[in-house]
Amino acid sequence: MKNNFELKFIQNLILSNYGLSVKADQIDGELDDNFKLNLDDKSYFFKVYPIETDLEFVSFQCDLLNQLKTYDKTPKNILTNKKKSFASFIDDKDSVRYFRMNEWIEGRLLSSVNPIDSKLRENLGYESARLVEKLEAIKNNYSRNNFSWDLANFLWV
């Protein structure tokens, strides 16, 4: 369940953990509370994970992004003031909530592109192959059960 945090709370969380005074706007997300953060001419992505998110999953996502930092289409982790890829706070229900911040990458969803021509498909295939090459080098045994975005469920995706 999404929390719909007050934007002022998120902005204060960013200030106290990253030392940045940003303007936050909530953006869509399936399970997480996601925000676009703006500071002068720079933007960031900020994610607050749901209650009871597995700490190993948060670490896994951050590790993936760290491993992909040489791939120019992947956002880079922004470290906290304590030089960590993620941090946590206790919410108003006394639950631990993990969060992380990344660079913002401008773009638009493929579903909003019209027409989707052969050049775009070719570019998508090329970038997908580059990403797969980078992912093959990552050694991690983390797995999630019942993950609807699993490529084994590609017909749904």
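All values derive from a computational prediction rather than experimental measurement.

Undergrad: Before we go on, may I ask you to explain the overall build of the chain in this structure?
TA: If you tally the helices and strands in the chain, you get three helices and six strands. Shown N-terminal to C-terminal, the secondary structure of the chain runs as helices and strands in the order α-β-β-β-α-β-β-β-α. Counting all 157 residues of the chain, 33% fall into the buried class. Of all intrachain contacts in the chain linking residues separated by at least 6 positions in sequence, the fraction that spans at least 24 positions is 55%. Here the chain displays about 11,000 Å² of accessible surface, and carbon together with sulfur accounts for 52% of that area.

Undergrad: What should I look at first to understand the packing of aromatic side chains in this one?
TA: Two numbers describe a pair of aromatic rings. These are the distance of the centres and the angle of the planes. Taken as a whole and assessed by the stated rule, the structure comprises nine aromatic pairs. Ring centres 5.4 Å apart and planes at 45° place the aromatic pair phenylalanine 46 and phenylalanine 99 in the tilted group. In this pair, phenylalanine 46 is assigned in strand E3 (residues 42-48) and phenylalanine 99 in strand E6 (residues 96-103), connecting sequence segments 53 residues apart. Like phenylalanine 99, phenylalanine 46 is buried.

Undergrad: Just checking my understanding: could you explain the nonpolar core for this structure?
TA: In a soluble, globular protein the nonpolar side chains are often hidden away together inside. Ile10, Ile14, Leu37, Phe46 and Met101 are the most contacted members of the largest nonpolar core, which has 18 residues in total. Those elements giving two or more residues to this core turn out to be helix H1 (7-18), strand E2 (33-39), E3, strand E5 (87-90) and E6. Here this core takes four residues from H1, the largest share from any one element. Residues in contact with phenylalanine 46, not counting those within four places in the same chain, are Ile10, Leu13, Ile14, Tyr18, Asp33, Asn34, Phe35, Leu37, Phe99, Arg100 and Met101.

Undergrad: Teacher, can you tell me more about the pairing of E6 here?
TA: Within a regular strand, the side chains alternate between the two sheet faces. Among the eight residues in E6, six count as buried, and that is most of the element. By the bridge criterion, five bridges tie E3 to E6 in an arrangement that is antiparallel. For tyrosine 44, the partnering residue across the bridge sits in E6 and is glutamate 103. As paired elements, E5 and E6 share four bridges and run antiparallel to each other. In the strand pairing of E6, alanine 87 is matched with phenylalanine 99.

Undergrad: Looking at this model, I keep getting lost on a nonpolar patch on the surface. Mind explaining?
TA: A contiguous nonpolar patch, built from Leu110, Ile116 and Leu124 and spanning about 240 Å² of accessible area, is present on the exposed surface. As for its position among the elements, isoleucine 116 is in the loop between E6 and helix H3 (118-136). Taking the relative accessible area as the measure of exposure, isoleucine 116 reaches 34% and is therefore partly exposed.

Undergrad: When you look at the pattern of salt bridges in this model, what are you seeing that I'm missing?
TA: As a working rule, side chains carrying opposite charge can pair if their charged atoms are close by. Here the structure, examined in full by the defined rule, presents eight salt bridges. Across the pair aspartate 92 and lysine 93 runs a salt bridge, and its minimum N-O distance is 3.9 Å. Residue class for aspartate 92 comes out exposed when judged on its relative accessible area of 65%. Under the relative-accessibility criterion, lysine 93 is labelled partly exposed at 46%.

Undergrad: Sorry, what's going on with the side chain of threonine 53 here?
TA: Mapped onto the elements of the fold, threonine 53 is located in the loop between E3 and helix H2 (55-67). Setting aside residues no more than four positions away along its own chain, threonine 53 makes contact with Val58 and Tyr98.

Scoring rules and cut-offs
Here, residues in each chain are numbered from 1, in the same order as that chain's written sequence. Given that the model is predicted, a residue must reach a pLDDT of at least 70 before its local features are reported, and side-chain atom pairs must reach 80 or more before they are shown or counted; all residues, however, enter totals for whole chains, interfaces and linings. Note: side-chain values were computed over all heavy atoms of the structure, leaving out hydrogens and water. Helix and strand labels come from DSSP, where a helix needs a run of H or I of at least four residues and a strand needs a run of E of at least two; each type is numbered from the N terminus. Throughout this description, buried means an accessible area under 20% of the type-specific maximum (1.4 Å probe, protein chains only), exposed means over 50%, and partly exposed covers the range between. When checking whether two residues touch, look at their non-hydrogen atoms; a contact exists if any pair is within 4.5 Å. Note on areas: Shrake-Rupley with a 1.4 Å probe; residue coverage comes only from the protein chains shown. Between rings of Phe, Tyr and Trp, where Trp is taken as its six-membered ring, a pair exists when centres lie within 6.5 Å; planes separated by under 30 degrees are stacked, by over 60 edge-to-face, and by other angles tilted. Among the buried residues, those of types Ala, Val, Leu, Ile, Met, Phe, Trp, Tyr and Cys that are joined through side-chain atoms within 4.5 Å form a nonpolar core. Think of it this way: DSSP has to see at least two bridges between two strands before they count as a pair. Patches draw on residues past 30% relative accessible area with no salt bridge. Two like charges within 9 Å are joined, as are two nonpolar side chains (Val, Leu, Ile, Met, Phe, Trp, Tyr) within 5 Å. The salt bridge criterion pairs a side-chain nitrogen of Lys or Arg with a carboxyl oxygen of Asp or Glu, the two atoms within 4 Å.

Structural measurements only, silent on function.
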